There are 2 protein chains.
Amino acid sequence: MTSLNIALVHHPVVNKRGEVIGSAVTNLDIHDIARTAKTYGVARYFVTTPYRDQQQLVRELLDHWQTGHGATYNPARKEALGIVQLADSLAEVLACLTKQYGKRPLVVATSALMRDNTMSYGELGQKITMGDPVLLLFGTAHGLAQEILQIADVTLAPIRGGTEYNHLSVRSAVSIIIDRLLGS
Amino acid sequence: MTSLNIALVHHPVVNKRGEVIGSAVTNLDIHDIARTAKTYGVARYFVTTPYRDQQQLVRELLDHWQTGHGATYNPARKEALGIVQLADSLAEVLACLTKQYGKRPLVVATSALMRDNTMSYGELGQKITMGDPVLLLFGTAHGLAQEILQIADVTLAPIRGGTEYNHLSVRSAVSIIIDRLLGS
């Protein structure tokens, strides 16, 4: 297991007009990202949402695959979802990791746009290799709100694919970024 | 646009017992993979299924986003789905590309397991950079059937994440592989 933790933020994020919103949890975001995270040895995958009904949906999904019919039907899925942890907010995630590691992890935002204070994939990968605790933040909808970007210590350089088109799904972005950081 | 083409194969693939099956088309496989492909300049994304009802579903999805309400609601999605092409079989895809390029493309299979005749990401990336036509095959369910692996000229090395866990979604695998081949 590595010292990399990730969080998928559902509030506060922005919509396509840049307004601050909360997004609904997408089933496949939990499954796909947990499978990628487990493959690369990510320590924990936090799903953050302040909405009680959304939290309940996440709990039901996790229950199904961890102790319900899903656990016997697909043990590999059970294993992947074992690293998923529900949280109210980024503050709760930070408190949890700070307690665990005895210090605040490096908080790294991701964005489809170039931001100030950018860290390269090589540099961040090296920190993880050295065992420094890291929390990598991903935004749903059209990305993390300014409020979250300001909490982050640094931002990863955006993924560019050599074209003008810049609309990866968050599931794809997470996979590519984790592979760039931890893939061999 | 690059000389890389990809195909998502729904038949013949294998189930978890290794039996040859046909799988159902998954909505998000079309969206997510088209978005990644468009981001990296993949020329065409073939969705292959021999089942008429599945082909009809794909047509309805493409119509909605290309000429229906979706096209005005989300022009970026329209653009991504513009590279998607429905095909009956791998044979049809190969005939189409052979006609277009005036020669058979290099056919490259992907697999979660190590196979004979493996090509590295660096070597394949270089061929694409040089403009050699390439068709990269991805399997749904538990992967491409033997019959498809035998049609391929080479197989890409499996993605390993440094753990024993080896269950990426096909959406994640496609994103990681395209980034390894074409990402900067």
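Residues numbered from 1 in each chain as written. Chains lettered and ligands numbered in written order. Predicted model: local features only at pLDDT ≥ 70, side-chain atom pairs only at ≥ 80, totals over all residues. Heavy atoms only, no water.

(A) The overall build of chain A, seen in detail. Helix and strand counts for chain A stand at eight helices and nine strands. For 184 residues, the compact-globule estimate of 2.2 N^0.38 gives 16 Å, and the C-alpha radius of gyration of chain A, at 16 Å, lies within 12% of that figure. Residues classed as buried in chain A amount to 55% of the 184 residues present. Expressed as a percentage of contacts within chain A between residues at least 6 apart in sequence, the contacts between residues at least 24 apart total 78%. Chain A carries 17 positive and 16 negative side-chain charges, and their two centres are separated by 3 Å. (Helix = DSSP H or I, 4+ residues; strand = E, 2+ residues; numbered from the N terminus. Rg over C-alpha atoms; globule rule 2.2 N^0.38 Å. Buried < 20%, exposed > 50% of the residue type's maximum accessible area, 1.4 Å probe, protein only. Contact = heavy atoms within 4.5 Å. Lys, Arg positive; Asp, Glu negative; His and termini not counted. Charge placed at Lys NZ, Arg CZ, Asp CG, Glu CD.)

(B) Region of the structure containing the interface of chain B and chain A. Taken together, the contacts link 31 residues of chain B with 31 residues of chain A. Of the roughly 2,700 Å² buried where chain B meets chain A, counting both sides, 48% is carbon and sulfur surface. Of all residues in chain B, B:Arg35, B:Thr39 and B:Tyr165 bury the most surface against chain A, accounting for 24% of the area lost on that side. Between chain B and chain A we count four salt bridges in total. A salt bridge links A:Asp179 to B:Arg180; its shortest N-O distance comes to 2.6 Å. Connecting chain B to chain A are 22 residue pairs in polar contact (both at pLDDT 80 or more). Secondary-structure elements contributing two or more residues to the side of chain B that touches chain A are α1 (27-39), α4 (75-81) and α8 (170-182) of chain B. Looking at the side of chain B that touches chain A residue by residue, the classes come out as nine nonpolar, 12 polar and 10 charged. (Buried area = accessible area lost by both parts, 1.4 Å probe. Salt bridge = Lys/Arg side-chain N within 4 Å of Asp/Glu carboxyl O. Polar contact = N/O pair within 3.5 Å; in protein donor to acceptor, adjacent residues only side chain to side chain. Nonpolar A, V, L, I, M, F, W, Y, C, P; charged D, E, K, R; others polar.)

(C) Up close: the packing of aromatic side chains. Counted by the stated rule, this structure contains zero aromatic pairs over all chains. Its end group placed over the ring of B:Tyr73, A:Lys16 keeps NZ or CZ at 4.4 Å from the ring centre. Lying over the aromatic face of B:Tyr121, B:Arg180 brings its terminal NZ or CZ to 4.9 Å of the ring centre. (Phe/Tyr/Trp six-rings, centres within 6.5 Å; stacked < 30°, edge-to-face > 60°. Lys NZ or Arg CZ within 6 Å of the ring centre and 35° of its normal.)

(D) Summary view of the packing of α1(B) against helix α2 (residues 52-66) of chain B. Residue and element names in this part refer to chain B. Put simply, α1 and α2 touch, their axes get as near as 10 Å, and they point 50° apart. With respect to each other, α1 and α2 are oriented oblique. Here α1 and α2 pass one another in a crossing that is right-handed. For the pair α1 and α2, contact is made by Asn27, Ile30 and His31 and by Val58, Leu61 and Trp65, respectively. Of the residues assigned to the contact of α1 with α2, the class counts are four nonpolar, two polar and no charged. (Axes fitted to C-alpha atoms, helices over the stretch in contact; angles between N-to-C directions. Parallel < 35°, antiparallel > 145°, perpendicular 65-115°, else oblique. Left-handed = near helix turned anticlockwise from the far one by under 90°.)

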